[in-house]
Amino acid sequence: PARPRRLPRPASPERLARFGPEEEGAASVLQLRRGKAILGKMALGAGQESSRPLEGPLKAKEASGRVITTVFIALLIDLLGFTLILPLLPSILDHYSKNDDGLYLTLQHGVDRFAAVVGVPPERKYNNVLFGGLIGSIFSVLQFFASPLTGAASDCFGRRPLMLLTVMGLIASYSLWAVSRSFELFLLSRVVGGISKGNVSLSTAIIADLACPKARNKGMAMIGVAFSLGFTLGPMLGAYLAMEAEKGEIFYLWSALFAVMFSITDLAFIFFFLPETLPKEKRVSSVISGFQSVTSLLSPWALFQFSAISGSLVWSISFISSCSLVWNTL
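Calculation criteria
Residues numbered from 1 in each chain as written. Predicted model: local features only at pLDDT ≥ 70, side-chain atom pairs only at ≥ 80, totals over all residues. Heavy atoms only, no water. Helix = DSSP H or I, 4+ residues; strand = E, 2+ residues; numbered from the N terminus. Buried < 20%, exposed > 50% of the residue type's maximum accessible area, 1.4 Å probe, protein only. Contact = heavy atoms within 4.5 Å. Axes fitted to C-alpha atoms, helices over the stretch in contact; angles between N-to-C directions. Left-handed = near helix turned anticlockwise from the far one by under 90°. Nonpolar A, V, L, I, M, F, W, Y, C, P; charged D, E, K, R; others polar. Core = buried A, V, L, I, M, F, W, Y, C linked by side-chain atoms within 4.5 Å. Phe/Tyr/Trp six-rings, centres within 6.5 Å; stacked < 30°, edge-to-face > 60°. Patch = residues over 30% accessible without salt bridge, like charges linked within 9 Å, V, L, I, M, F, W, Y side chains within 5 Å. Areas by Shrake-Rupley, 256 points an atom, 1.4 Å probe, with all protein chains shown as cover. Salt bridge = Lys/Arg side-chain N within 4 Å of Asp/Glu carboxyl O.

S.K.: Is there a simple way to think about the overall build of the protein chain in this case?
M.R.: Of the regular secondary structure elements, the protein chain holds 14 helices and zero strands. Ordered by position in the sequence, the α and β elements of the protein chain form the string α-α-α-α-α-α-α-α-α-α-α-α-α-α. Residues classed as buried in the protein chain amount to 39% of the 330 residues present. A separation of at least 24 residues holds for 79% of the contacts in the protein chain among residues at least 6 apart in sequence.

Structural data, given as structure tokens:
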């Protein structure tokens, strides 16, 4: 720290005799004012120096808070659109069963054979459960394979571009669902949606990029809250929209349109508010090297030996999130 300046001394008798009391008094007042100004500058400088070490953590905390809020809102909007179809899936399958769709009948025969092998009672309600499980499993298996690949690409290109890309894929999926009048088109929408559902694992990776451990803990908790709210409010909204469909109108149309609306809103929100959390200096040099690491996440042998979570944190979070979503969907 700088050495404090010496304050002016009071006037001596010799100076008073030489210059006179009036001149000397004016000079003393001027010196006192200068001394006060020096003290004020010293106090201000000390205050600035003491606040400098706190500026970095405060800014980092505010930035982390904004990222957590953005991820929470974006994930909640996404899950609201994703869960609209859950209460409607049995009715949708029953709707297509009445159209004598070729692909539907082919899959139905396969489900019947499987039911006969495992000894499922030959009742329609059990058959619908098995068929719905098959359609749900297609979505979940595709998501399981796509999430690590999405995470690998985000390690090279950044979180934000891949997040926008996956949401655009979800918009295409829900749009196909809205215009689907055949089982083939509906199944294609589920395939596109499963491939594009890597945005959930990207959300956890974004939270893992935060520097503060407390912020990461809070972010993971907020992701859990978003899941709870999404899986609570989304099915209720989907069932309500199906009940409000007019006579002669396809019962799932408004749910599909709302899913498209949620996805477009999510895309705009991410575009304007989500910052990039993975700096360029921390990214991998080649996406090929990232894809090579995916094999440890998809191999059943590595899965049960837990070697998949011995790598980087991003891979671990993507893998665990994929497994949890497969379990929740099933």
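The rest of the description comes next.
S.K.: Before we go on, may I ask you to explain the environment of Asp 94 in this structure?
M.R.: The residue Asp 94 is located in helix α3 (residues 89-97) in this model. By relative accessible area, which is 27% here, Asp 94 ends up partly exposed. As a C-alpha pair, Asp 94 and Asn 128 span 34 residues in sequence and 8.0 Å in three-dimensional space.

S.K.: I'm lost on the side chain of Ser 97 in this one. Help?
M.R.: Summarising the element assignment, Ser 97 is placed in helix α3. Judged by its relative accessible area of 16%, Ser 97 is buried. Beyond its immediate chain neighbours, meaning those up to four positions away, Ser 97 contacts Tyr 104 and Arg 124.

S.K.: For this particular structure, what's the right way to read the packing of helix α5 (residues 124-157) against helix α7 (residues 183-195)?
M.R.: When two helices pack together, their arrangement is captured by the angle between the axes and the distance separating the axes. At a closest axis distance of 7 Å, the pairing of α5 and α7 adopts a crossing angle of 35 degrees. For the element pair α5 and α7, the recorded crossing hand is right-handed. Every residue of α7 that contacts α5 at Phe 131, Ile 135, Ile 138, Phe 139, Leu 142, Gln 143 and Ala 146 is listed here: Phe 183, Phe 186, Leu 187, Arg 190, Val 191, Gly 193, Gly 194 and Ile 195. Residue classes in the contact of α5 with α7 are distributed as 11 nonpolar, three polar and one charged.

S.K.: Would you take a moment to explain the nonpolar core for this structure?
M.R.: As a rule of thumb, nonpolar side chains are buried together in soluble globular proteins. Ile 92, Ile 135, Trp 177, Phe 183 and Phe 186 are the most contacted members of the largest nonpolar core, which has 55 residues in total. Apart from residues no more than four positions distant in its own chain, Phe 186 is found in contact with Ile 85, Leu 89, Ile 92, Tyr 96, Ile 135, Trp 177 and Ser 180.

S.K.: It is not clear to me how the packing of aromatic side chains should be interpreted in this structure. Could you clarify?
M.R.: Each aromatic ring pair is summarised here by two numbers: the centre-to-centre distance and the angle between the ring planes. Per the stated rule, a full pass over the model turns up 15 aromatic pairs. Summarising the aromatic geometry, the rings of Phe 82 and Phe 231 are spaced 6.2 Å apart at their centres and angled 70 degrees between planes, so their arrangement reads as edge-to-face. One end of the pair, Phe 82, is in helix α2 (residues 21-82); the other, Phe 231, is in helix α9 (residues 213-243), with 149 residues separating them in the sequence. Classification of Phe 231 as partly exposed rests on a relative accessible area of 28%. Measuring from ring centre to ring centre gives 5.0 Å for Phe 269 and Phe 273, while their planes differ by 35 degrees; the resulting arrangement is tilted. Here Phe 273 and Phe 269 lie together in helix α10 (residues 253-273), a separation of four residues that amounts to about one turn.

S.K.: I would appreciate a short explanation of a nonpolar patch on the surface in the present structure.
M.R.: A contiguous nonpolar surface patch, about 340 Å² in accessible area, is contributed by Val 225, Leu 229, Leu 233 and Met 236. Residue placement: Leu 233 occurs in helix α9.

S.K.: Got a minute to help me understand the environment of Asn 127 in this structure?
M.R.: By secondary structure assignment, the location of Asn 127 is in helix α5. When its relative accessible area of 13% is taken as the criterion, Asn 127 is described as buried. Counting along the chain gives 19 residues from Asn 127 to Gln 108, while the straight-line C-alpha distance between them is 8.6 Å. Aside from chain neighbours lying at most four places away, what touches Asn 127 is Gln 108, Val 111 and Asp 112.

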